[in-house]
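What follows is each chain in one-letter form.
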Amino acid sequence: MEILLIIVSAIFVNNIVLAQFLGICPFLGVSNKLSTASGMSAAVCFVISFSTLVTYLLNKYLLLPYNLQFLQTIAFILVIAALVQMVEIVLKKMSPALYQALGIFLPLITTNCAVLGVAIVVVTKDFSFGQSAHQLNLLEALLYAFASSLGYGLAMILFAGLREHLSMNDVPTAFRGVPIALITAGILAMAFMGFSGIA
């Protein structure tokens, strides 16, 4: 039951972009087209999941035993930067079109605070389910990270679909571009707030 709560909570209730406001820059910047948003979502999903695995193990077996928690943020940033470079190399070889479409936003995954935010939340936050509060074990941490990245991807794809639909409508001049995008993001965040009673 706790695993189901972790998944539902990470995707809908505590959505990393709509509830915690992490990763807003790529959320607004890459969501003009559905194809680019889905590609970015897949890249962020891989980086969040894999970086959480590596940072969790790094924290548990190196930083905590040797009292090096003060290096946590720097170590996590280095791990994330290395993983983003790997994703960039793989995308360049396997999908040049997606690589070109993502452009500058692919290197920006390195500075995407959603990736670093999930890694830090997993190792520092006490999660409470029912009466008990505890740190996540490795399986729960990976599920939380994967569910968080799915929630990020879901929000980004929904937002991209809404923006594509808006581009075909007659939006008043004062609201065109970023203003209507922010209003739409706010309405989407309010829609996700409807899930807050679930978990």
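Above this text sits the structure in question.
Going along each chain's sequence as written, the residues are numbered from 1 onward. Totals for whole chains, interfaces and linings use every residue, but because this is a predicted model, local features are given only for residues with pLDDT of at least 70 and side-chain atom pairs only at 80 or more, for both listing and counting. Think of the side-chain values as coming from all heavy atoms in the structure, minus any hydrogens and water.

1. Points about the overall build of the protein
Helix and strand definitions here come from DSSP, where helices need a minimum of 4 consecutive H or I residues and strands a minimum of 2 consecutive E residues; each element is numbered from the N-terminal end. When helices and strands are counted, the protein shows eight helices and two strands. The order of helices and strands in the protein, counted from the N terminus, is α-α-α-α-α-α-β-β-α-α. Whereas a compact globule of 199 residues would reach a radius of gyration of roughly 16 Å, the protein reaches 18 Å, a difference of no more than 12%. Based on the C-alpha atoms only, the size of the protein along its principal axes is roughly 60 × 45 × 25 Å. The contact criterion used is simple: two residues touch if any of their non-hydrogen atoms lie within 4.5 Å. Contacts in the protein between residues far apart in sequence, at least 24 positions, make up 72% of those at least 6 positions apart. For the protein, the exposed area adds up to about 10,300 Å²; of that, 71% sits on carbon and sulfur atoms. In this charge count, Lys and Arg are treated as positive and Asp and Glu as negative; neither His nor the chain ends contribute. Where a charge lies is defined by one atom per residue type: Lys uses NZ, Arg uses CZ, Asp uses CG and Glu uses CD. Taken together, the 7 basic and 6 acidic charged side chains of the protein have centroids lying 11 Å from each other. Values of the radius of gyration come from C-alpha atoms, whereas the globule rule sets the reference at 2.2 Å times the count of residues to the power 0.38. Note on areas: Shrake-Rupley, 1.4 Å probe, and residue coverage restricted to the protein chains presented here.

2. What to know about the nonpolar core
Generally speaking, soluble globular proteins have nonpolar side chains that are buried together. Within the largest apolar cluster, 49 residues are counted, with the highest numbers of intra-cluster contacts made by L18, F27, I109, Y144 and Y152. Of all the secondary structure elements, the ones that give two or more residues to this core are α1 (2-13), α3 (34-63), α4 (72-94), α6 (113-124), α7 (138-167) and α8 (178-193). Tallying contributions element by element places α7 first for this core, with nine residues. Apart from residues no more than four positions distant in its own chain, F27 is found in contact with V17, L18, Y152, A155, M156, F159 and A185. For the purposes of this section, nonpolar cores are sets of buried Ala, Val, Leu, Ile, Met, Phe, Trp, Tyr and Cys residues that join through side-chain atoms within 4.5 Å. Exposure classes here rest on a 1.4 Å probe applied to the protein chains alone. A residue is buried below 20% of its type maximum, exposed above 50%, and partly exposed in between.

3. A few points about the side chain of N15
Mapped onto the elements of the fold, N15 is located in the loop between α1 and α2 (24-29). The exposure class assigned to N15 is buried, which follows from its relative accessible area of 0%. As used in this structure description, the phrase polar contact means that two N or O atoms lie within 3.5 Å; if the pair is within protein, one of them must be able to donate a hydrogen and the other to accept it, and residues adjacent in sequence are counted only when both atoms belong to side chains. Here G151 takes part through its backbone oxygen, which lies 2.9 Å from a polar atom of the side chain of N15. The contacts of N15, once residues within four sequence positions are left out, are S9, A10, Q20, G151, Y152, A155 and F192.

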